[in-house]
Amino acid sequence: MENDVKQWQGFKGDDWKENIDVSSFIDQNYTEYKGDENFLAPISKKTSLVWDRCKELLKEETKKGGCLDVETNILSGITAFKPGYIDKDNEVIVGLQTDAPLKRIVNMYGGTKIALKALEAHGYKLNPEVQKHFVTYRKTHNDGVFDAYTPIIRRARKNGLLTGLPDGYGRGRIIGDYRRIALYGIDRLILEKQKDLQDDFLDEDNLEENIRLREEVSEQIRALNQIKEMAKSYGYDISNPAQNAKEAIQWSYFGYLAGAKENNGAATSMGRDATFFDIYIERDLKNGTLTESQAQELIDQFVIKLRLIRHLRTPEYDELFAGDPTWVTESLAGMLNDEHSLVTKSSFRFLHTLENLDPSAEPNLTVLWSKNLPIGFKKYASKISIRTDSIQYEGDDVMRPLYGHDYAISCCVSSMKEGKQMQFFGARCNLAKSLLYAINGGYDELSGALVIDGFDKINSEVLDYDTVRKSYSKMLQKIAKIYVDANNIIHYMHDKYAYEASQMALHDTHVERLMAFGIAGFSCAVDSLSAIKYAKVKPIYNDQNIAIGFNVDGEFPKYGNDDKRVDDLAVELVQEFFNYLNSHKLYKNAHATLSLLTITSNVMYGLKTGSTPDGRKAGEAFAPGANPMHGRDCSGALRSLNSVAKIPFENCCQDGVSNTFSIIPSALGHDEKEQITNLVNILDGYFVQGAQHINVNVLNRELLIDAMNNPYKYPNLTIRVSGYAVNFNKLDRAHQEEVIARTFHEKR
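Read on for an overview of the structure. (Residues numbered from 1 in each chain as written. Predicted model: local features only at pLDDT ≥ 70, side-chain atom pairs only at ≥ 80, totals over all residues. Heavy atoms only, no water.)

Right, let's get into the environment of Asp-508. Note that Asp-508 resides in the loop between helix H20 (501-504) and strand E11 (512-520). Sequence separation between Asp-508 and Met-270 is 238 residues, and the spatial gap between their C-alpha atoms is 17 Å. In this view, Asp-508 contacts Arg-180, Lys-193, Gly-419 and Lys-420; residues no more than four positions away in its chain are not counted. A distance of 2.9 Å separates the side chain of Asp-508 from the side chain of Lys-420, its partner in a polar contact. (Helix = DSSP H or I, 4+ residues; strand = E, 2+ residues; numbered from the N terminus. Contact = heavy atoms within 4.5 Å. Polar contact = N/O pair within 3.5 Å; in protein donor to acceptor, adjacent residues only side chain to side chain.)

Structural data, given as structure tokens:
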């Protein structure tokens, strides 16, 4: 392609023209903004009409139990559906997953039985002819996984030791670099992939891997052609680069939409687009071809489209991941280097959608926070947090040194280089249950089944810390191997039967892979170890000599109060478990990462876990993510944050350390101005310690209780839960009660 492409007129730099390098393009062309929000425009007339129609549809969706409609005659696919519109005359950004807004897609490639179960749960049946042909001629990801699972993996899964594994749904956590379509056009991307196929990467040392890669690249090329065909059905030719801001956003959205049509991944995140889009917006503003009102209109309508993304899920999925989330995560701000931020006016415009379009759980707006961000942006983000509870924050100063400045967040807290890395998602291991297995000789405390063999029961009147800790280490080492085996099987089969061709087409061909492991029951396990070490813990045994309860005599330090004694146990535990995971060979030579993240499934994990040595009773919910157990962080907000900030991100929990933080408004200040200042200071103080993530809720417990009992009064009430936001009314009663039971800090 010639370097004087007309669509690039006015853009600086040459290296990004020669090679696919969106990051370099951004570096050389963006305009940092250090002002405040006074330039922002209100919602436009067109957007109001589109959004009013969406609100009507969303109400209908709620009335129908959360699912408005499902297409039962066509299966998932990039080009499977005719164009769909909300209000064609007033849409400036177009494209829907199907031919109508909020109509869901049946995706059979993950698992036939699971898809049919999801349909049945919502009162639908698949066209028998479609079902017959698919079942007769096609094997699924789920089929392949269970063909390969070992008996011990099955036992661990059945008893809740390994939980939420993506063996029955799309794995997600893959961010296509959708900006590439806007900057280069589809034809250039196809050409580059074709060049890669000319390389002779078939050396005998990696024969199977290289054969598979060649097949995958061919699938990527077909997917790119299908994206072009899908865009053409809407009247757009995306063969060439975008020539203005509207096309840049539309081209990028077509790429994202293809992924949402093709896959039902657990987290189909958007990436990091605000600064990229802003380059085109600034050029159009200077050329006089765009106004500020039109610029906001483009962002507002783009966000509307992201808010309408839906996937067909089973009831079991909803129990784990409550509130029908899609995790369309959009990463904002961050720093280019120590002196210059990547904040632009469009960083403000994205946050402003929470004012123009009401608070919302999606897209999952994520601010990459640094102490060096412009103060105007810090204050605006804090103000929107206080007013909407719809933003999460992640520590740019700990992530940028590892990933460079062009990384994005997938799902909730998982960072990766955009277009350069992808992730094999692996859900969570229940560390609290693992501790009970160490005490009970590998027997499950609820079912009584032997899950992990080769261990003796610890049948003592009072638990000895050194004895328990030694057994716990051996147990974690064995469980780590089971966990790795499960993940390797899952992702081998997912690549084989449910490959995300369109998303991977927007990555480098020789991509770096991460394998994300996770922990559930973290603070429960840590407090249990502390209780055994610093108090007297007496097990209560059943007739099988399995500990089914514990009496705790004496006090013990509890995680979440900035107490070195217990916080050191927390750091030791995550480092140890990560080292065990990292000692094993991973599929496609992936690099192991670890997260402390439970989404809302801390409720379900707690239900599957018996009484624990910290005094928690059987069935009670765990704390979410890296949070202290409910009500135990009683020394104030800052000390609670200090404990979480100690969990090591680099070289350990690099998949993320999720912390959901709730504080009552009066604890932040007497008026909004004071609250904004104090929240900025809290975030600065938290992240400067090396912390990685925080959800911020500024509200009173009484508000949530009233909303639980009178949902009609709070149709747009949005809260942060664990790595994502959710409409409070979409949570079931058990999840609402768990959120209400969390710590609401009444003092800083």
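There's more to say after this.
We now examine the packing of aromatic side chains. As enumerated under the stated definition, the model contains 37 aromatic pairs in all. When the centroid spacing of 5.2 Å and the interplanar angle of 80° are considered together, the rings of Tyr-169 and Tyr-317 count as edge-to-face. Here Tyr-169, found in the loop between strand E3 (162-163) and helix H8 (179-184), pairs with Tyr-317, found in helix H14 (residues 315-320); they are 148 residues apart in sequence, far enough to count as distant. Pair check on accessibility: Tyr-169 and Tyr-317 agree, each one buried. Here a set of aromatic residues connected by ring pairs shows up, and it is made of Trp-8, Phe-11, Trp-16, Phe-25, Tyr-184, Tyr-253, Phe-276, Phe-277, Tyr-280, Phe-302 and Phe-350. Between the NZ or CZ atom of Lys-457 and the centre of the ring of Tyr-443, over which it lies, the distance is 4.5 Å. The ring of Tyr-534 has Arg-565 sitting right over it, with the charged end atom 5.5 Å from the ring centre. (Phe/Tyr/Trp six-rings, centres within 6.5 Å; stacked < 30°, edge-to-face > 60°. Buried < 20%, exposed > 50% of the residue type's maximum accessible area, 1.4 Å probe, protein only. Lys NZ or Arg CZ within 6 Å of the ring centre and 35° of its normal.)

What follows is about the sheet that holds strand E17 (residues 693-698). Taken in spatial order, the five strands of this open sheet run E4-E5-E6-E17-E16, and their pairing is mixed. Edge positions in the sheet fall to strand E4 (329-333) and strand E16 (660-663), since each of these pairs with one other strand and no more. On average, each strand axis in the sheet is tilted by 30° relative to the strand beside it, whichever way the strands run. In terms of strand pairing, strand E6 (residues 392-395) meets E17 through three bridges, oriented antiparallel. (Pairing = 2+ DSSP bridges. Axes fitted to C-alpha atoms, helices over the stretch in contact; angles between N-to-C directions.)

What follows deals with the packing of helix H13 (residues 292-307) against helix H15 (residues 345-356). Their axes nearest at 9 Å, the elements H13 and H15 cross at an angle of 75°. Put simply, H13 runs roughly perpendicular to H15. Contact with H13, carried on its side by Glu-292, Ala-295, Gln-296, Ile-299, Asp-300, Phe-302, Val-303 and Arg-307, involves Arg-349, Phe-350, His-352, Thr-353, Leu-354 and Asn-356 of H15 and no other residues of that element. (Parallel < 35°, antiparallel > 145°, perpendicular 65-115°, else oblique.)

On to the side chain of Ser-390, then. Topologically, Ser-390 is positioned in the loop between helix H16 (375-388) and E6. For Ser-390, the side chain forms a polar contact with the main-chain oxygen of Thr-388, separated by 3.0 Å. Contacts of Ser-390, omitting those with residues within four sequence positions, involve Leu-354, Pro-359, Ser-360, Leu-365, Thr-718 and Arg-720.

Summed over all chains, the structure comprises 53 salt bridges. Across the pair Lys-55 and Asp-52 runs a salt bridge, and its minimum N-O distance is 3.7 Å. Here Lys-55 and its partner Asp-52 are both found in helix H3 (residues 45-63), three residues apart, which amounts to about one turn of the helix. The exposure class of Asp-52 is partly exposed, given its relative accessible area of 37%. (Salt bridge = Lys/Arg side-chain N within 4 Å of Asp/Glu carboxyl O.)

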